[in-house]
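Analysis of the macromolecular model
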Amino acid sequence: MKHEKLWSGLTSIFAVLMVIAMIGNTLATANASYINSQLGINTARVVEKGTAPTDTTYYKSQFGAFDSADAQAKAIAAALEQNVNEMREGAALLMNKDSVLPLKGVTKISVFGHGAVDPAYQAASAGTKAKTGSVNTIDLKTALENGGFQVNETLWNGLLAGTAARGVMQQGWGGMTMAVTGSAAGSEENRAFYEQFADSYAEYSDAAIVVFTREGAEGTDLIMQDKDDEGGSTEPISALALHKNERDLLEMVRERFGKVVVLLNSPNQMEVHEIKEYADAILFIGFPGHQGFTGVAEILNGTVNPSGKLVDTYATSSLSAPATVNSGTETPLFMNVDEINNTIGADERAEYISFQAENIYIGYRYYETRYADAVMGKGNASSNVGALKGAESWKYADEVQYPFGYGLSYTTFEQTLDSVTVGEDEITASVTVKNTGDVAGKSVVQLYAQTPYGQYEIDHRVEKSAIAIVGFGKTGLLQPGASETVKVTVDRYLLASYDMTANDGQGGYILSEGDYYLAIGDDAHDALNNVLAAQGYTVDNGMTAAGVSAKSYKWTESFNSEKYRYGANGVAVSNQFQDCDLNYWVEGAGTYLSRNDWAGTYPVSKTTVNATAEMMDILDGEWYVKPEDAPSFAEVAAPFEVQSGLNLASMKDIPLSDRDTWEKFIYQLKVDDLPMATAESFSCPAVGELSPSFAVGDGCDSVGGNYPIPVTINGEEVTVPTTRYCSNPIMTGTFNYDIIANRGTMLGEDGMWSKFMINYNVGNDLHRTPFGGRSFEYMSECPTMNYLAGRAEVEAMEKTGSHAAPKHFVGNDQEFYRDGVACFFTEQAFREGNLRAFEGSVRMANAGGIMQSFSRLGLKWNSASYALNTQVLRNEWGWNGAIDTDAAPCFGEYVDGGYRNHAAEVLAAGTQEWCLDGVGGHGTWVLNKARETNDGHLLNLLKEAAISWEYAISRSVIANGYSSTAVIEHITPWWATALNVLTICSGVLALACLAMLILSKIKSRKAK
Amino acid sequence: MKKKSIGFYLAAVTCVLAVVTLVLLIVYHSRGGVVQPAVFAALAAAILCEAASLLGEKPWTDFTSILGAVALAYVCMTVFSDGIWNIAEAMNGIKMVGLPELAGMNYTLAGVNVAAIITAIAASFTRKSKA
């Protein structure tokens, strides 16, 4: 009996171990890409089969060899310098009463605000993470001390011991707490907390620095109807509004300090009107990344003269933006959501509907256009519909605190519009800038345009922003009295509007007939005032300030629908997204904002509908039907498995237009290898013998990788992460192409040092509202700004050996309910907004790839939209990069169904890779379907995906090391071998113990 | 009652822990957590096997103990595996493809389940009733 129990127990142990090892093995295999990337394991190696190759480092770092510690040190230093430069030139000084800044002669300061000791260096999302104390991170206190300030230690240490935290802490099961960001309640200590340290203030009273932080996250927007702090408003308030503890803090600080400086550690536009009552100076610093605080300290002490400008409008009430009605935390459900779920299944994620009632009027395009119409007395613009609560009429001065493009300097500049040359394709403006103050500084030249809004536009529902940025430039450091002439070149395409009725209803871009204006200005509002002045309007008409007509230029155009009618290769640009208009499905269901009638079209309530049976059928996501003329599977498969002797090195200079050679290259594969070319994950698998496994970068404002050579810091060997740069609104806010392009260069360098083929990290989406949880990753509220900045960044990055892949293509402008949210809009708004924002990066700069969005265009998931991925990207734009879904994980066997898992539809739409599918599950399912249904069309699409993928790989650092005689050998990672051995050994031992148990029982029975 | 040995009490504790796991799984599933039907079947089998041990030492008791432990291990690993994104996203403070708000339940489930596996293994080393 004793032995029976021993064998019984041992059998249990080994059997349990076997089960754990088996399932663990399956789990590990499914997540192999992540494990390999974390362990730095490469599952393939290059073996030279010919003579010793010459230099095969096709993509070199500008800093030296990738195995040189010295070169790596230079690369890291350059990246960190870029990070600081972004803050130096991107932080926007919003207010500077009595020139309180720079804090000259000030040495002893008190720093307030929970955000001072717990700043958001970035928000939770992909990419490198900087945090206080981590490698290369400079916290605010260190930066201030390096900048010559003495910081009140008592207060600082008190703050470190404080209890404030961003977001609501939720008690989870098992005692786990999880911070849900998006709320500002409880994010600041209360007044009583600060009173504890009151005795220390007198000694450090030269100035008070107050840090306020707002932080969203991937999957979490800032809350539109937030709670206030304890004792505050019982009514919901915006998360961007000042909360009670913050107000109390400002009040206390104002009472005790002569100089109060507020730092806005938030990429989202805080409501600043109350802050202005208490502060002497306000500096917008966004998220600083690793070392941006150094730039902040340099601005505070005057080493650097701020020259950054806002890339978003700071409204008095963030909820006054028309886009807030149907988005973010206020996104409505379909009225018949239960019916939808019962009909197509909840896994289709078709519950939420975001009707983009705002039309083209996002950010300043709303506030400034409405202002212009109010001045001109048009479109019921002065009606109180959409005005601040209780207002009798809509008044710009009440509605807007700081306009797009706003930012102060420690000096003054005078800008003169010298000349404008209107060419066939480009317009060039020459602007002379003179430093009229007594401090050296840089000045931004902002060039805006107004295009005609006449009867044609009203009749054809072509909306126009009264002002839109079309170009910018920045001076060098101008000494007092010095001048510089800046030339700004504008692509006339940016003046065109999308008219859904043009070309006999086929749609297309038009140049409107009438007067066009270009204007320079200190910001969008100033430029608009200059245009209005040229049109004869004055403060008597309600202008907030008199404009200067000499700062504008007028010319006339006649109607033209031909100039931009055709895209790449002569493909006509035409309507593709009519079914994304809600009224296409349900007549009269939604009203889009129009400047023709602000009062009648401003959205005052949420828009939702009952999804009809026809709509549900499309929401279901299954539309693929084998084309009648599809070739047979065998026909398409026949040329495969033929060796041509081509390898990555052979292909690195072969253009895509050489189809024959690319096909010969791909035909060396077995068809069963093709799905591996659709697998994108932390570590992408090898594709047959053609390309090895490799890692990719992810995360805007960084690539998320590590430098390869460990360094010694304080006697400890550490791995250095790639740099987390400033949040995108800071980078874009530099209005400096050199800095923006160098961001691209450094991201490419970071990618190459991390051996990343491609980086999903150029955030081109719009700040549709001020509440976007990923506003920190995206460039601005203005599509043209994103077009211009994105183009500069991506062009520079594509010159390195690590590709840029903008994301999230397209329209990922909210985080709450982003999974499958059905977005409805006008084609004009989509093309001039969401698409334009990516067009610079993708079409103009020829990005190596893109990552798509979780949202739906109308009823179809972005990734399954043929109109988007084939008609626009491939046909109209002529773009050949790799198209990747957003996360559509597959671990092991792929199961068709659920809105991310309609693999045939996604591939047929033009999407080619599935993100977080490191096993090629989606592609394998498509291959099997193609085989089962004898569908050569699907097999052809898999082949095209492989060409696209291999093309990108051949133009990247992954091709380094290959000669034309090199081959790839696959390696099984050690952990996979270990898990297999563990499974087998535990299984054998379990069986052996079980056998012994049975024998013991037999023996025991015999003995009895 | 006097005849009951330590194995009986260990099996009883395992049984209770398995029932707690079942209740947690039902709640977890109702909140959107992924639970495959086979997991419920395995858990039911584990409860039955451990409950059978409560009948005292029988010729088949050793085999049901082993089966119970194995079934619990299957439940533990499968639920953990299916909930891996809940945990990964909670740790990173993001919401992507999992349900990070359920990560706490994943931890709790894993904890209770591991405790059940340990007591099940211990029970299989011991007699359920005195000779």
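Just so it is clear, the model here is predicted, and its values are computed rather than measured.

**A short note on the overall build of chain B**
What chain B contains, in helices and strands, is 5 helices and 0 strands. Scanning chain B from its N terminus toward the C terminus, one meets helices and strands in the order α-α-α-α-α. Principal-axis analysis of the C-alpha atoms places the extent of chain B at approximately 55 × 25 × 20 Å. When each of the 131 residues of chain B is scored for burial, the buried share is 55%. Residue pairs at least 24 apart in sequence account for 76% of intrachain contacts in chain B once pairs closer than 6 positions are excluded.

**Quick look at the overall build of chain A**
Secondary structure summary: chain A contains 31 helices and 35 strands in total. Against the globule reference of 30 Å for 1008 residues, chain A gives a C-alpha radius of gyration of 30 Å, in line with a compact fold. For chain A, with 1008 residues in total, the buried portion stands at 60%. The long-range fraction of contacts in chain A, counting pairs at least 24 apart against all pairs at least 6 apart in sequence, stands at 79%.

**Points about the environment of Lys309 of chain A**
Residue and element names in this part refer to chain A. Among the structural elements, Lys309 can be located in the loop between helix H10 (292-301) and strand S10 (314-315). Sequence-wise, Lys309 and Leu927 are 618 residues apart; in three dimensions their C-alpha atoms are separated by 51 Å. What Lys309 contacts, discounting residues up to four positions off in sequence, is Ala92, Gly405, Tyr406, Gly407, Val444, Asp523, Gly733 and Phe735.

**Side note on the interface of chain B and chain A**
The partner chain A presents 30 residues to the 33 residues of chain B that form the contact. Put simply, the parts of the chain that give the side of chain B that touches chain A at least two residues each are helix H3 (61-82), helix H4 (84-92) and helix H5 (103-124) of chain B. Class assignment of the residues belonging to the side of chain B that touches chain A gives a composition of 19 nonpolar, 10 polar and 4 charged.

**A short note on helix H8 (residues 244-256) of chain A**
Relative to the 18 Å expected for 13 residues at 1.5 Å per residue, H8 of chain A spans 19 Å between its end C-alpha atoms, a close match to the ideal helical length. Tucked into the core, H8 of chain A has its buried residues touching strand S3 (108-112), helix H7 (191-195), strand S7 (207-213), strand S8 (260-265) and helix H9 (273-278) of chain A.

**Describing the packing of H3 of chain B against H5 of chain B**
Residues and elements named next belong to chain B. For the pair H3 and H5, the least separation of the axes is 9 Å and the interaxial angle reads 165 degrees. One finds that H3 runs roughly antiparallel with respect to H5. Classified by chirality, the crossing of H5 by H3 is left-handed. Here H3 contributes Asp62, Ser65, Ile66, Gly68, Ala69, Leu72, Ala73, Val75, Cys76, Val79 and Phe80 to the contact with H5, which in turn contributes Asn106, Leu109, Ala110, Asn113, Val114, Ala116, Ile117, Ala120, Ile121, Ala123 and Ser124. A breakdown of the residues in the contact of H3 with H5 according to their chemical character gives 16 nonpolar, 5 polar and 1 charged.

**Section: the domain arrangement of chain A**
As assigned here, chain A comprises domain 1 (2-25 + 975-1007), domain 2 (92-307) and domain 3 (362-495 + 514-557). Taking only C-alpha atoms, the centre of domain 1 of chain A and the centre of domain 2 of chain A are 59 Å apart.

**A closer look at the sheet that holds strand S28 (residues 803-807) of chain A**
Residues and elements named next belong to chain A. Ordered by their spatial adjacency, 4 strands build an open sheet running S23-S24-S27-S28, and the pairing between neighbours is mixed. Each having just a single partner strand, strand S23 (683-684) and S28 make up the two edges of the open sheet. In the sheet, strand S27 (residues 756-763) pairs with S28 via 4 bridges, with the strands oriented parallel. In the sheet register, Gly763 faces S28, and the bridge partner there is Lys807. Here helix H24 (residues 737-753) sits on the sheet and contacts strand S24 (694-698), S27 and S28; the angle it forms with S27, its principal contact strand, is near 145 degrees.

**Topic: the sheet that holds strand S33 (residues 882-887) of chain A**
Residue and element names in this part refer to chain A. Strand order across the open sheet formed by 4 strands is S22-S34-S33-S30, with parallel pairing between neighbours. Where the open sheet ends on each side, the last strands, each with one partner, are strand S22 (679-680) and strand S30 (849-851). With 2 bridges joining them, S22 and strand S34 (residues 913-915) adopt parallel strand pairing. Looking across to S34, one finds that Glu680 is bridged to Cys915.

**Observations regarding the nonpolar core**
Counting 297 residues, the largest nonpolar core has Val210, Val261 and Leu283 of chain A as its most contacted members. Per-element tally for this core: the top contributor is helix H30 (residues 936-954) of chain A, with 10 residues. When residues of this core are sorted by domain, at least three fall in each of domain 2 (92-307) and domain 3 (362-495 + 514-557) of chain A. If we skip the residues at most four places from it in the chain, Val210 of chain A touches Phe112, Gly113, Leu249, Leu250, Val253, Val260 and Val262 of chain A. With 54 residues, the next largest nonpolar core counts Ala990 and Cys993 of chain A together with Tyr28 and Ile121 of chain B among its residues.

**Quick word on H24 of chain A**
Over its 17 residues, H24 of chain A runs 24 Å from end to end, which matches the ideal 24 Å to within 8%, given 1.5 Å per residue. Among the 17 residues that make up H24 of chain A, 13 are buried, leaving the element largely enclosed by the rest of the structure.

**What about the pairing of S33 of chain A?**
Residues and elements named next belong to chain A. Burial of S33 is extensive: 6 of the 6 residues sit out of reach of the surface. Direction of pairing for S30 relative to S33: parallel, over a ladder of 3 bridges. From the neighbouring strand, Gly849 faces S33, where its bridge partner is Ala882. Note that the unit made of S33, helix H28 (residues 903-909) and S34 has a crossover that is right-handed.

**What about unusual backbone geometry?**
Residue and element names in this part refer to chain A. Cis rather than trans, the peptide bond between Leu101 and Pro102 has omega equal to 0 degrees. Looking at the secondary structure, you find Pro102 in the loop between strand S2 (92-96) and S3. In this chain, Lys807 is followed by His808 through a cis amide linkage whose omega measures -5 degrees. When you line up the elements, His808 lands in the loop between S28 and strand S29 (822-824). Within the chain, Lys755 stands out as a residue other than glycine whose phi angle is a positive 60 degrees.

**Brief notes about the pairing of strand S13 (residues 413-422) of chain A**
Residues and elements named next belong to chain A. Looking at chain direction, S13 and strand S14 (residues 426-435) are connected through 9 bridges and run antiparallel. Residue pairing for S14: Ser419 is matched across the bridge by Ser430. The turn linking S13 back onto S14 is made up of 3 residues.

**Quick word on the confidence of the model for chain B**
Taken over all residues, the pLDDT of chain B has a mean of 91, while the share at 70 or more is 98%. Scored as a whole, the predicted complex attains pTM 0.94, and scored at its interfaces, ipTM 0.96.

Calculation criteria
Residues numbered from 1 in each chain as written. Chains lettered and ligands numbered in written order. Predicted model: local features only at pLDDT ≥ 70, side-chain atom pairs only at ≥ 80, totals over all residues. Helix = DSSP H or I, 4+ residues; strand = E, 2+ residues; numbered from the N terminus. Buried ≥ 20, exposed ≤ 12 C-beta atoms within 10 Å, placed from the backbone. Contact = placed C-beta atoms within 7 Å. Rg over C-alpha atoms; globule rule 2.2 N^0.38 Å. Nonpolar A, V, L, I, M, F, W, Y, C, P; charged D, E, K, R; others polar. Expected span 1.5 Å × (residues − 1). Axes fitted to C-alpha atoms, helices over the stretch in contact; angles between N-to-C directions. Parallel < 35°, antiparallel > 145°, perpendicular 65-115°, else oblique. Left-handed = near helix turned anticlockwise from the far one by under 90°. Domains from an automatic or database assignment. Pairing = 2+ DSSP bridges. Core = buried A, V, L, I, M, F, W, Y, C linked by C-beta atoms within 7 Å. Right-handed = clockwise from strand over helix to strand, strands pointing away. pLDDT = per-residue confidence, 0-100.

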